[in-house]
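Okay, here's what each chain looks like letter by letter:
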Amino acid sequence: MSSDQIRSTGHARAIILMVAAALLWSTAGVVTRQLEGAVRFEITFWRGAFTVLSLLLMLPVWRRATRNHGKAKGSPLTERFEVARLIHRHWGLLPESRIFWVAGLCWSVMFTAFMLGLTFTSVANVLIIMSLGPLFTAILAWLINGQRLEVRVWMAIVAAGAGMAYMYGGQILALMDSDPSQVHGLVVGSLIALCVPVAGALNWTLVQRSQSHGARIDLVPAVCVGAALCCAYTWAPAQPFAATSSDLMWLALLGLTQLAIPCMLAVMAARTLKAPEVSLLGLLEVIFGILWPWIFASEVPGSEVLLGGSVVILALVANELLGWHSRSGVTRIQSLAAAGSAEPHSSPVEGA
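Description of the structure in this document.

Counting 78 residues, the largest nonpolar core has Met18, Leu55, Phe114, Ile128 and Met164 as its most contacted members. For this core, the element with the most residues is helix H12 (residues 245–269), which contributes 10 residues.

Our next topic: the packing of helix H3 (residues 40–65) against helix H5 (residues 82–91). Where H3 meets H5, the closest approach of the two axes is 7 Å, and the angle between their N-to-C directions is 80°. Overall, the two elements H3 and H5 adopt an arrangement that is roughly perpendicular. In contact with Leu55, Leu56, Leu59, Pro60 and Arg63 of H3, H5 contributes His88, Arg89, His90 and Trp91. Within the contact of H3 with H5, the residues separate by chemical class into five nonpolar, two polar and two charged.

To continue, consider the side chain of threonine 257. If you trace the backbone, threonine 257 turns up in helix H12. A polar side-chain atom of threonine 257 sits 2.6 Å from the main-chain carbonyl oxygen of leucine 253.

So, about the packing of aromatic side chains. Going through the model one piece at a time under the given rule, you end up with 12 aromatic pairs. With centroids separated by 5.6 Å and ring planes inclined at 25°, the aromatic side chains of tryptophan 107 and phenylalanine 111 adopt a geometry described as stacked. Here the residue tryptophan 107 and the residue phenylalanine 111 both occupy positions in helix H6 (residues 99–120), the gap between them amounting to four residues, near one helical turn. By the burial criterion, tryptophan 107 is buried, and phenylalanine 111 matches it. For the ring pair tryptophan 292 and phenylalanine 296, a centre distance of 6.3 Å and an interplane angle of 40° mean the geometry is tilted. Here tryptophan 292 pairs with phenylalanine 296, and both are found in helix H14 (residues 284–296), just four residues apart, close to one helical turn. Under the relative-accessibility criterion, tryptophan 292 is labelled partly exposed at 22%. What links up through ring pairs into an aromatic cluster is the set Phe45, Trp46, Phe50, Trp235 and Phe241. The lysine or arginine in question, arginine 40, covers the ring of phenylalanine 120, its NZ or CZ lying 3.7 Å from the ring centre.

Another point: helix H15 (residues 303–322). Its 20 residues give H15 an end-to-end C-alpha distance of 28 Å, which sits within 8% of 28 Å, the value for a rise of 1.5 Å per residue. Burial in H15 covers these residues: Glu304, Val305, Gly308, Gly309, Val312, Ile313, Ala315, Leu316, Asn319 and Glu320. Summarising the axial view, the buried residues of H15 lie within an arc of 150°, below the 170-degree limit, and thus occupy one face. Those residues of H15 that are exposed and angled more than 90 degrees off the buried face are Ser303, Leu314 and Leu322.

About the cut-offs
- Residues numbered from 1 in each chain as written.
- Predicted model: local features only at pLDDT ≥ 70, side-chain atom pairs only at ≥ 80, totals over all residues.
- Heavy atoms only, no water.
- Core = buried A, V, L, I, M, F, W, Y, C linked by side-chain atoms within 4.5 Å.
- Buried < 20%, exposed > 50% of the residue type's maximum accessible area, 1.4 Å probe, protein only.
- Helix = DSSP H or I, 4+ residues; strand = E, 2+ residues; numbered from the N terminus.
- Axes fitted to C-alpha atoms, helices over the stretch in contact; angles between N-to-C directions.
- Parallel < 35°, antiparallel > 145°, perpendicular 65-115°, else oblique.
- Contact = heavy atoms within 4.5 Å.
- Nonpolar A, V, L, I, M, F, W, Y, C, P; charged D, E, K, R; others polar.
- Polar contact = N/O pair within 3.5 Å; in protein donor to acceptor, adjacent residues only side chain to side chain.
- Phe/Tyr/Trp six-rings, centres within 6.5 Å; stacked < 30°, edge-to-face > 60°.
- Lys NZ or Arg CZ within 6 Å of the ring centre and 35° of its normal.
- Expected span 1.5 Å × (residues − 1).
- Arc of directions from axis to C-beta.

Okay, here's the thing in structure tokens:
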């Protein structure tokens, strides 16, 4: 097999992995709608707990499988204590970089806000808001890292803003005529969901800046830290627990297949895919995430959501396609596994 054929096969495999990750990420909404007793903070707590459990079991295997791609340097504790050295070797939870902990904090905000947002408003609203992450990232990269915002990005921001304004304006007007009590849930849920792309953008911007200064950050253990912090936030308000055995099975499924596994699949895909490919394939989460509750939970998006959301998605797709060639010289966020490659790739861990 020629080198071109090998690269083609590897690229196709990476696309399949990224599509699989997006499909798994997209299951959160429809699974949440199957729950019987668990509500709001309890849903968030159990998903985080099962994510932590899944990653604690999977991370040692992951780190052995990726040992040839390098490891983030351990903190001073790993030099002084054997237990700390073992924890870092098997789980990567005691790195030298402080940005690792910032990344974990950002993940915790994303995990908590995403699930809470779903309990206040529709899956479609939450996912469309979440899809704005690349635009927030571009704005923060401009403000923090001094990266120039191109005209296409400003155009995407304006178009996406118009789509969001139409989507929410139409929904609020419709609810004021039919059921004003639901306006509160729409506004609160949307504001909570807005924390997801903001925290994600801050995460990627700070990690990118740190990596540009030579830091090595393993993002998968940071996901475990984020899930653990999410559990800590929601433990007290989740009391008393009301989840049924069926609820726990659904939430265990979310922890394993909606966060732990797709995060690893996406990091593997990032070793081959370019940043625009990752962003475009990641949008499948929004499309399928809206489709599954529509089909399996009878949660039909309104015309305002479909039209306004379509404008947002089209603006994002157009921005990525127009910027396909212009990003060749731009520093991108790396997964640790890709840190030693000739061309850096953006971190694909987008699902909340």
